[in-house]
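The chain contents come next:
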Amino acid sequence: MDNQTTGIDAELAKELGYSGTHTAKIVGITYRQLDYWARTDLIRPSLSDASGSGSRRRYSYNDLLELKTIKKLLDAGIKLEQVRTVFENLRGHVGSDIAAAHIVIDGGSVTLCDQGGLIDLINTGQSVLNVLSMGGVKTELEADLQPFQAELDEANRTAAARRIG
(Lines give C-alpha, C1' and ligand atoms only; values in the text may rest on other atoms or scores of the structure.)
Protein backbone atom coordinates (compact mmCIF):
# COMPACT_ATOMS: atom_id res chain seq x y z
CA MET A 1 0.00 0.00 0.00
CA ASP A 2 1.46 3.39 -0.95
CA ASN A 3 1.35 6.62 1.04
CA GLN A 4 -1.33 8.13 -1.20
CA THR A 5 -3.74 5.27 -0.48
CA THR A 6 -2.94 5.48 3.22
CA GLY A 7 -3.67 9.23 3.17
CA ILE A 8 -7.00 8.64 1.41
CA ASP A 9 -7.92 5.95 3.95
CA ALA A 10 -7.03 8.30 6.83
CA GLU A 11 -9.20 11.09 5.38
CA LEU A 12 -12.07 8.66 4.81
CA ALA A 13 -11.80 7.45 8.42
CA LYS A 14 -11.95 11.07 9.64
CA GLU A 15 -15.12 11.66 7.62
CA LEU A 16 -16.83 8.39 8.56
CA GLY A 17 -15.68 8.48 12.16
CA TYR A 18 -14.35 5.84 14.46
CA SER A 19 -16.19 3.04 16.23
CA GLY A 20 -16.10 2.84 20.00
CA THR A 21 -13.74 -0.14 19.86
CA HIS A 22 -11.31 1.64 17.53
CA THR A 23 -11.60 4.87 19.49
CA ALA A 24 -10.67 3.16 22.77
CA LYS A 25 -7.66 1.47 21.15
CA ILE A 26 -6.47 4.65 19.40
CA VAL A 27 -6.78 6.78 22.55
CA GLY A 28 -5.28 4.13 24.83
CA ILE A 29 -8.20 3.61 27.19
CA THR A 30 -10.50 0.69 27.84
CA TYR A 31 -13.84 0.36 26.11
CA ARG A 32 -15.41 0.35 29.58
CA GLN A 33 -13.89 3.80 30.29
CA LEU A 34 -15.11 5.13 26.96
CA ASP A 35 -18.60 3.78 27.58
CA TYR A 36 -18.70 5.28 31.09
CA TRP A 37 -17.53 8.69 29.85
CA ALA A 38 -20.23 8.66 27.15
CA ARG A 39 -22.98 7.54 29.56
CA THR A 40 -22.02 10.20 32.11
CA ASP A 41 -21.77 12.97 29.48
CA LEU A 42 -18.06 13.66 29.89
CA ILE A 43 -17.83 13.37 26.13
CA ARG A 44 -20.54 12.21 23.78
CA PRO A 45 -19.70 10.94 20.31
CA SER A 46 -20.42 13.77 17.90
CA LEU A 47 -21.14 11.70 14.77
CA SER A 48 -23.65 9.22 16.17
CA ASP A 49 -24.61 8.23 19.66
CA ALA A 50 -25.87 4.86 20.84
CA SER A 51 -29.66 4.87 20.71
CA GLY A 52 -30.67 1.43 21.81
CA SER A 53 -29.70 -2.16 21.17
CA GLY A 54 -27.57 -2.71 18.09
CA SER A 55 -26.77 0.96 17.52
CA ARG A 56 -23.15 2.07 17.46
CA ARG A 57 -21.35 5.17 18.62
CA ARG A 58 -19.25 6.97 16.00
CA TYR A 59 -16.55 9.32 17.22
CA SER A 60 -15.08 12.15 15.15
CA TYR A 61 -11.42 13.08 14.94
CA ASN A 62 -12.09 16.03 17.27
CA ASP A 63 -13.71 13.61 19.75
CA LEU A 64 -10.51 11.55 19.68
CA LEU A 65 -8.51 14.69 20.36
CA GLU A 66 -10.68 15.50 23.38
CA LEU A 67 -10.51 11.90 24.63
CA LYS A 68 -6.71 11.88 24.30
CA THR A 69 -6.59 15.13 26.27
CA ILE A 70 -8.81 13.63 28.97
CA LYS A 71 -6.50 10.62 29.19
CA LYS A 72 -3.44 12.89 29.49
CA LEU A 73 -5.11 14.87 32.29
CA LEU A 74 -5.98 11.67 34.14
CA ASP A 75 -2.45 10.32 33.62
CA ALA A 76 -1.12 13.57 35.11
CA GLY A 77 -3.09 12.89 38.30
CA ILE A 78 -6.10 15.12 37.70
CA LYS A 79 -9.26 13.53 39.17
CA LEU A 80 -12.14 12.65 36.85
CA GLU A 81 -14.50 15.18 38.46
CA GLN A 82 -11.86 17.87 38.00
CA VAL A 83 -11.43 16.80 34.37
CA ARG A 84 -15.17 17.38 33.90
CA THR A 85 -14.77 20.91 35.28
CA VAL A 86 -11.67 21.49 33.12
CA PHE A 87 -13.57 20.54 29.97
CA GLU A 88 -16.61 22.60 30.92
CA ASN A 89 -14.39 25.68 31.34
CA LEU A 90 -12.16 24.83 28.37
CA ARG A 91 -15.12 24.55 26.01
CA GLY A 92 -16.39 27.87 27.36
CA HIS A 93 -13.11 29.58 26.47
CA VAL A 94 -12.04 27.90 23.22
CA GLY A 95 -15.26 26.37 21.95
CA SER A 96 -14.84 23.20 19.95
CA ASP A 97 -11.34 24.01 18.69
CA ILE A 98 -9.38 22.56 21.60
CA ALA A 99 -6.43 21.84 19.29
CA ALA A 100 -5.67 25.56 19.47
CA ALA A 101 -5.50 25.51 23.28
CA HIS A 102 -2.30 25.55 25.31
CA ILE A 103 -2.80 23.85 28.66
CA VAL A 104 -0.35 23.84 31.56
CA ILE A 105 -0.69 20.96 34.03
CA ASP A 106 1.09 21.52 37.34
CA GLY A 107 0.36 19.11 40.14
CA GLY A 108 -3.35 19.39 40.79
CA SER A 109 -3.89 22.52 38.72
CA VAL A 110 -4.80 22.91 35.07
CA THR A 111 -4.29 26.30 33.46
CA LEU A 112 -5.20 27.52 29.99
CA CYS A 113 -2.84 29.98 28.28
CA ASP A 114 -5.32 32.11 26.38
CA GLN A 115 -4.66 35.41 24.56
CA GLY A 116 -1.94 36.60 26.89
CA GLY A 117 -3.63 35.40 30.08
CA LEU A 118 -3.70 32.32 32.27
CA ILE A 119 -7.07 30.87 33.16
CA ASP A 120 -7.55 28.38 36.00
CA LEU A 121 -9.69 25.65 34.45
CA ILE A 122 -10.38 23.75 37.68
CA ASN A 123 -11.32 26.26 40.35
CA THR A 124 -13.05 29.19 38.75
CA GLY A 125 -12.50 29.34 35.02
CA GLN A 126 -11.33 32.88 35.70
CA SER A 127 -8.14 34.65 34.75
CA VAL A 128 -5.42 34.15 37.34
CA LEU A 129 -2.38 35.87 35.84
CA ASN A 130 -1.40 37.87 32.84
CA VAL A 131 1.36 36.58 30.61
CA LEU A 132 3.78 39.26 29.50
CA SER A 133 5.19 38.66 26.04
CA MET A 134 8.70 40.11 25.97
CA GLY A 135 8.58 40.19 22.19
CA GLY A 136 5.50 42.37 22.46
CA VAL A 137 7.23 44.66 24.96
CA LYS A 138 10.21 44.99 22.60
CA THR A 139 7.97 45.86 19.66
CA GLU A 140 6.10 48.42 21.76
CA LEU A 141 9.36 49.97 22.98
CA GLU A 142 10.70 50.27 19.43
CA ALA A 143 7.48 52.00 18.36
CA ASP A 144 7.71 54.33 21.38
CA LEU A 145 11.34 55.19 20.47
CA GLN A 146 10.51 56.20 16.88
CA PRO A 147 9.33 59.77 17.63
CA PHE A 148 12.51 60.43 19.63
CA GLN A 149 14.99 58.79 17.25
CA ALA A 150 16.21 62.01 15.59
CA GLU A 151 16.67 63.67 18.99
CA LEU A 152 18.54 60.61 20.33
CA ASP A 153 20.77 60.45 17.25
CA GLU A 154 21.68 64.13 17.68
CA ALA A 155 22.44 63.64 21.39
CA ASN A 156 24.67 60.65 20.57
CA ARG A 157 26.56 62.65 17.90
CA THR A 158 27.08 65.51 20.37
CA ALA A 159 28.32 63.14 23.07
CA ALA A 160 30.69 61.44 20.62
CA ALA A 161 32.06 64.83 19.46
CA ARG A 162 32.76 65.84 23.06
CA ARG A 163 34.73 62.64 23.68
CA ILE A 164 36.82 63.13 20.57
CA GLY A 165 37.44 66.86 21.00
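The rules behind these values
- Sequence order as written defines residue numbering, which begins from 1 separately in each chain.
- In keeping with the predicted nature of the model, local features appear solely for residues at pLDDT of at least 70, side-chain atom pairs appear and are counted solely at 80 or more, and the whole-chain, interface and lining totals rest on all residues.
- Excluded from the side-chain calculations are hydrogens and water; all other atoms, namely the structure's heavy atoms, are used.
- Each helix is a run of H or I in the DSSP string that is no shorter than four residues. Each strand is a run of E no shorter than two, and both are numbered from the N terminus.
- Take the residue count of a helix, subtract one, and multiply by 1.5 Å to get its expected span.
- Any residue under 20% of the maximum accessible area for its type is buried, any over 50% is exposed, and the rest in between are partly exposed; the area is computed with a 1.4 Å probe on protein chains only.
- For salt bridges, the criterion is a side-chain nitrogen of Lys or Arg within 4 Å of an Asp or Glu carboxyl oxygen.
- As a per-residue measure, pLDDT reflects the predictor's confidence and takes values from 0 up to 100.
- Structural elements are reduced to axes, namely lines fitted to C-alpha atoms, with helices fitted over the stretch in contact, and the angle between N-to-C directions of any two is expressed from 0 to 180 degrees.
- Each angle gets one of four labels, with under 35 degrees taken as roughly parallel, over 145 as roughly antiparallel, 65 to 115 as roughly perpendicular, and the rest as oblique.
- For any helix crossing, the convention is left-handed if the near helix is rotated counterclockwise from the far helix by under a right angle, and right-handed if that rotation is clockwise.
- Whether two residues are in contact is decided by their heavy atoms, any of which lying within 4.5 Å being enough.
- Polar here means any residue other than Ala, Val, Leu, Ile, Met, Phe, Trp, Tyr, Cys and Pro, which are nonpolar, and Asp, Glu, Lys and Arg, which are charged; Gly is therefore polar.
- The pairing criterion for strands is at least two bridges between them, as found by DSSP.
- Polar contact is the term for a pair of N or O atoms within 3.5 Å; when the atoms are in protein, one must be able to donate a hydrogen and the other to accept it, and sequence-neighboring residues count only if both atoms are side-chain atoms.

S.K.: When you look at helix α4 (residues 61-75) in this model, what are you seeing that I'm missing?
M.R.: Note that an α-helix has 3.6 residues per turn; residues three or four places apart therefore point the same way. Helix length check: α4 (15 residues) gives 21 Å between terminal C-alpha atoms against 21 Å at 1.5 Å per residue, within 8%. Burial in α4 covers these residues: D63, L64, E66, L67, T69, I70, K71 and L73. Remark: G77 follows α4 within two positions and exhibits a positive phi of approximately 95°.

S.K.: In this structure, what is going on with the pattern of salt bridges? I would like to understand it.
M.R.: Between side chains of opposite charge, a pair can form as their charged atoms come close. Within this structure, the stated rule accounts for seven salt bridges. Residues D75 and K71 are paired through a salt bridge, measuring 2.7 Å at the closest nitrogen-oxygen approach. One end of the pair, D75, and the other, K71, are both in helix α4, four residues apart, so they sit about a helical turn from each other. E154 serves as the salt-bridge partner of R157, at 3.3 Å between the closest nitrogen and oxygen. Taken as a pair, R157 and E154 lie in helix α7 (residues 149-164) at a separation of three residues, close to a single helical turn.

S.K.: Please clarify how the confidence of the model for the protein chain should be interpreted in this entry.
M.R.: As a note on interpretation, predicted positions should not be read in detail where pLDDT is low. The share of residues in the protein chain with pLDDT of 70 or more is 78%, and the mean pLDDT across the chain is 80. The least confident element of the protein chain, judged by mean pLDDT, is strand β6 (residues 127-130) at 52; the most confident is helix α3 (residues 31-39) at 94.

S.K.: Sorry, what's going on with the packing of helix α2 (residues 20-27) against α4 here?
M.R.: A pair of packed helices is captured by two measures, namely the crossing angle of their axes and the spacing between those axes. Two elements in contact, α2 and α4, have axes whose closest approach is 10 Å; the angle formed by their N-to-C orientations is 45°. One element, α2, and the other, α4, form an angle in the oblique class. Helix-helix and strand crossings are classified by hand; for α2 and α4 the assignment is right-handed. Facing α2, whose interface residues are T23, I26 and V27, α4 presents L64, L67, K68 and K71. Taken together, the residues of the contact of α2 with α4 break down into four nonpolar, one polar and two charged.

S.K.: How should unusual backbone geometry be read in this particular structure?
M.R.: Trans is the common state for peptide bonds, and a negative phi is the common state for residues other than glycine. Phi at D41 takes a positive value of approximately 65°, unusual for a residue other than glycine. With respect to the helices and strands, the residue D41 is situated in the loop between α3 and β2 (58-59).

S.K.: For this particular structure, what's the right way to read the pairing of strand β3 (residues 102-106)?
M.R.: On any regular strand, side chains alternate: one points to one face of the sheet, the next to the other face. Two strands pair when backbone bridges link them, and β3 and strand β4 (residues 109-114) are joined in this way by five bridges, in the antiparallel orientation. If you follow H102 over to β4, its bridge partner there is C113. Linking two consecutive strands that pair antiparallel, namely β3 and β4, is a turn of two residues; a positive phi of about 60° is found at G107 within it.

S.K.: Looking at this model, I keep getting lost on the environment of T23. Mind explaining?
M.R.: Tracing the backbone shows T23 in helix α2. The buried category is assigned to T23, whose relative accessible area is 0%. Expressed as a C-alpha distance, the spacing of T23 and Y61, which sit 38 residues apart in the sequence, is 9.4 Å. When residues no more than four places from it in sequence are discounted, the contact partners of T23 are Y18, L34, Y59, L64 and L67. Looking at T23, its side chain comes within polar contact range of the main-chain oxygen of S19, at 2.8 Å.

S.K.: It is not clear to me how the packing of α4 against helix α5 (residues 80-94) should be interpreted in this structure. Could you clarify?
M.R.: Viewed as axis vectors pointing N to C, α4 and α5 meet at an angle of 135°, and their least axial separation amounts to 10 Å. Considering the angle they form, α4 stands oblique to α5. Relative to α5, α4 is oriented so that their crossing is right-handed. Counting all contacts with α4, which are made through E66, T69, I70, L73 and L74, the residues of α5 involved are L80, V83, V86, F87 and R91. Of the residues assigned to the contact of α4 with α5, the class counts are seven nonpolar, one polar and two charged.

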